[in-house]
2 protein chains.
Amino acid sequence: MITIGVPAEGKDEPRIGVTPESVKRLTKNGAEVLISSGAGLRSHFSDEQYKEAGAKIAKSDAEAVKAADIVLTVRRPDISLAKSMKKGALLIGMLEPFGDPKGLDALAKTGVNLFAMELMPRITRAQVMDVLSSQSNLAGYKAVVDAAATFGRALPMMMTAAGTVPAAKVFIMGAGVAGLQAIATARRLGAIVTATDVRPAAKEQVESLGAKFVAVEDDEFKEAETAGGYAKEMSAAYKKKQADLISDHVKNQDIIVTTALIPGRPAPVLLTKAQVESMKPGSVIVDMAVERGGNVEVAKPGEIAEHKGVTIMGKFNLPGEVPVNASSLYAKNLVSFIEVMLDKEKGDLALDWEDEVIKGTAIAKDGGIVNEMIAGNLKSG
Amino acid sequence: MITIGVPAEGKDEPRIGVTPESVKRLTKNGAEVLISSGAGLRSHFSDEQYKEAGAKIAKSDAEAVKAADIVLTVRRPDISLAKSMKKGALLIGMLEPFGDPKGLDALAKTGVNLFAMELMPRITRAQVMDVLSSQSNLAGYKAVVDAAATFGRALPMMMTAAGTVPAAKVFIMGAGVAGLQAIATARRLGAIVTATDVRPAAKEQVESLGAKFVAVEDDEFKEAETAGGYAKEMSAAYKKKQADLISDHVKNQDIIVTTALIPGRPAPVLLTKAQVESMKPGSVIVDMAVERGGNVEVAKPGEIAEHKGVTIMGKFNLPGEVPVNASSLYAKNLVSFIEVMLDKEKGDLALDWEDEVIKGTAIAKDGGIVNEMIAGNLKSG
């Protein structure tokens, strides 16, 4: 039998790593779950609900984690939490593997084994554990709902006795998980939706959601489109033509949502200051990459800023603004991952360190960093 | 030829009574339009756009109105504005005919003729001038978008690799213009939508939008339903059964939007404190009647309040939060009304005081109140 401890998150993080539903699944697997009192409240899960589901309530974070074999967090915790844990216990969370390498090294040195859920391999088997997908999906929804709530016009076309309200034009830059949900949400709300992506193969997905793909569709594009995936780097000439097309397109949009992230690197700039200034006053931009440097040149991290009449929303933690769903999906991701670590019959921990999902997410073991990229960052930084 | 003056609105009112589009229509009718500099900015209409459309820009509100035959406002203006106007000129706006009768009387005594757009008769011919409809429609949209942006969960059902996000339950109380648009918007966003109304005849409209009508459907209801309209007062026994049904229904809802207004009287209470407390923590209520006393017992006028974990949004002026569309439709309503007042050939004012739309909206003429209900309010207050 194993013990799972869940401390409260910091003040900027409303999500939590277990829900009453996930507690049930964990206890069914023979685990005992101990959660810090009140830790679920910002996701609207009460101590009573956790208790009914079979969890025990701890009086403090330290009490919740001290005997735990596994500790579940949303964010990378303070080092004091790791120091309250047993040596060799597992700390699983979104540990920001590419941020603050020294802090991560210090965390590793406590002897706690660290797993960063962001590093989950993108293989079929691991889809149920893919926190980037589960959280990005909700973030893409929230980005468009936020934009709609801020925009000074309605999104759908409305036919009224006094005349017709025209539909708003929404442009989604980057058609990954967040971008696709943003497209779907803007379409639901009745907007005229276009999208773009550096992968020509994204065209089909964009169109399947009823949006128009914006790209220079020359021979080079068509070749890359059928080749599929991330493979092909487009020519400089193509990139120039595409950039001009985007600039032309941007100035006629009412709402733009940017979603481009590159793992382990700063976010690419998708909208320059000049492009922002080409938009009509009253337009709204949501920069979903603002925590990683931002896709929009004039975005202000963590703020809702205005630049020459254009509102640029640079909120941190959009999934945290739909915490009930975000916690629920995240907790399911975690349970699926924990089930990989268990000996199903005995209910004990039985980690196969060569298993792709364990190897992929493990960043520290027995006091040292085991992830090569992070180890590299440590040396260079 | 007539002159139309448009002053800037007060700081709480982002809407404006003319748009570049409406200026074109007014000038085509032979009118000269004078708008106070910057008056359209909060609806994203610039002085340049007004000038291009054929308007002149005035340096001040007093300058905009002093020679005007008609002055267009959104809200009831300060008495100083009326004093800057010519005697016998027309002031047309949403003058709150049932608020502050003494203030209205003082406004009337300036000798300006007052027309309250809220009093537009609800006849087929006047639909294009119906400001309550045009503004309520947008308010109903914004109420649901605001609720979605505040709610800690997504509205649509989402099927993801980590599991299914369930659709939210949205209940719309009152199926007038605002309520019907709220239903349509919540449906667009993928929520499970129910609605109720004191008029059994509303059932058909609610169902045509894909929502379920919540009512005790006994023989009395069925009779009233086919009788149609506002006519039938339901029995006390029916009302009790219906109230119990609503109470039962309310506790399972995630989002409730209340929209009930009675012209000239305080808004009816639709949700008691106990009913609010029966809802799950994290639920969201939008009280659209908060400016008229509110439909929700614990709503705070002008505020976003929390009551035992339930968020109650009591924002003033929801149409003002989609000012571009709201101004555009309002301006169209006004132009249609002004066209009734014009001699089309000469382009001069030619008011037929017996015309139903003029008689219905006129509240003061030649220094005195002419609307009987307001005159009555003055005597009793």
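Here, every reference points to the structure presented above.
The rules behind these values
- Residue positions are given per chain, counted from 1 along the sequence in the order it is written.
- Chain letters start at A and ligand numbers start at 1, both assigned in the order the entries are written.
- Given that this is a predicted model, residues contribute local features only at a pLDDT of at least 70 and side-chain atom pairs are listed and counted only at 80 or more, while totals for whole chains, interfaces and linings are drawn from all residues.
- As a rule here, side-chain values cover all heavy atoms of the structure and leave hydrogens and water aside.
- Residue contacts follow a heavy-atom distance rule, with two residues in contact if any of their heavy atoms lie within 4.5 Å.
- Buried area: the accessible area, evaluated with a 1.4 Å probe, that two parts lose upon being put together, summed over both parts.
- By convention in these notes, a salt bridge is any Lys or Arg side-chain nitrogen within 4 Å of a carboxyl oxygen on Asp or Glu.
- By the criterion applied in these results, polar contacts are pairs of N or O atoms within 3.5 Å in which, for protein atoms, one can donate a hydrogen and the other can accept it, and in which residues neighboring in sequence qualify only through two side-chain atoms.
- Here a strand is any run of E in DSSP of at least two residues, a helix any run of H or I of at least four, and the numbering for each starts at the N terminus.
- The classification used treats Ala, Val, Leu, Ile, Met, Phe, Trp, Tyr, Cys and Pro as nonpolar, Asp, Glu, Lys and Arg as charged, and all other residues, Gly among them, as polar.
- Only protein chains enter the area calculation, which uses a 1.4 Å probe; residues under 20% of their type maximum are buried, those over 50% are exposed, and those in between are partly exposed.

1. Thoughts on the interface of chain A and chain B
(1) Moving on: Facing the 41 residues of chain A at the interface are 41 residues of chain B.
(2) Moving on: Taken over both partners, the interface formed by chain A and chain B buries close to 3,100 Å², and the fraction arising from carbon and sulfur atoms is 63%.
(3) Moving on: The largest contributions to the chain A side of the interface with chain B come from Tyr141, Ala162 and Arg188 of chain A, which together make up 19% of the buried area.
(4) Moving on: The interface formed by chain A and chain B holds zero salt bridges in total.
(5) Moving on: Across the chain A-chain B interface, the total number found is eight residue pairs in polar contact (both at pLDDT 80 or more).
(6) Moving on: Counting residues per element, the ones that place at least two in the side of chain A that touches chain B are α6 (131-150), β7 (158-160), β8 (163-165), α7 (177-188) and α12 (323-341) of chain A.
(7) Moving on: Ranked by the residues each element gives to the side of chain A that touches chain B, the list is headed by α6 of chain A, at nine residues.
(8) Moving on: Tallied by class, the residues present in the side of chain A that touches chain B amount to 21 nonpolar, 14 polar and six charged.

2. Thoughts on the pattern of salt bridges
(1) Moving on: Under the defined criterion, the tally for this structure stands at 52 salt bridges over all chains.
(2) Moving on: Glu339 of chain A is paired through a salt bridge with Arg25 of chain A; the nearest N and O atoms lie 3.2 Å apart. With Glu339 of chain A in helix α12 and Arg25 of chain A in helix α1 (residues 20-28), the pair connects residues that are 314 residues apart, well separated along the chain.
(3) Moving on: Residue classification places Arg25 of chain A among the partly exposed residues on the basis of a relative accessible area of 31%.
(4) Moving on: Taking the shortest distance from any N to any O, the salt bridge between Lys203 of chain B and Glu217 of chain B comes out at 3.0 Å. Of this pair, Lys203 of chain B sits in helix α8 (residues 202-208) while Glu217 of chain B sits in the loop between β11 (212-213) and α9 (219-227), and the two are 14 residues apart along the sequence.

Keep in mind that these numbers describe shape and distance, not what the molecule does.
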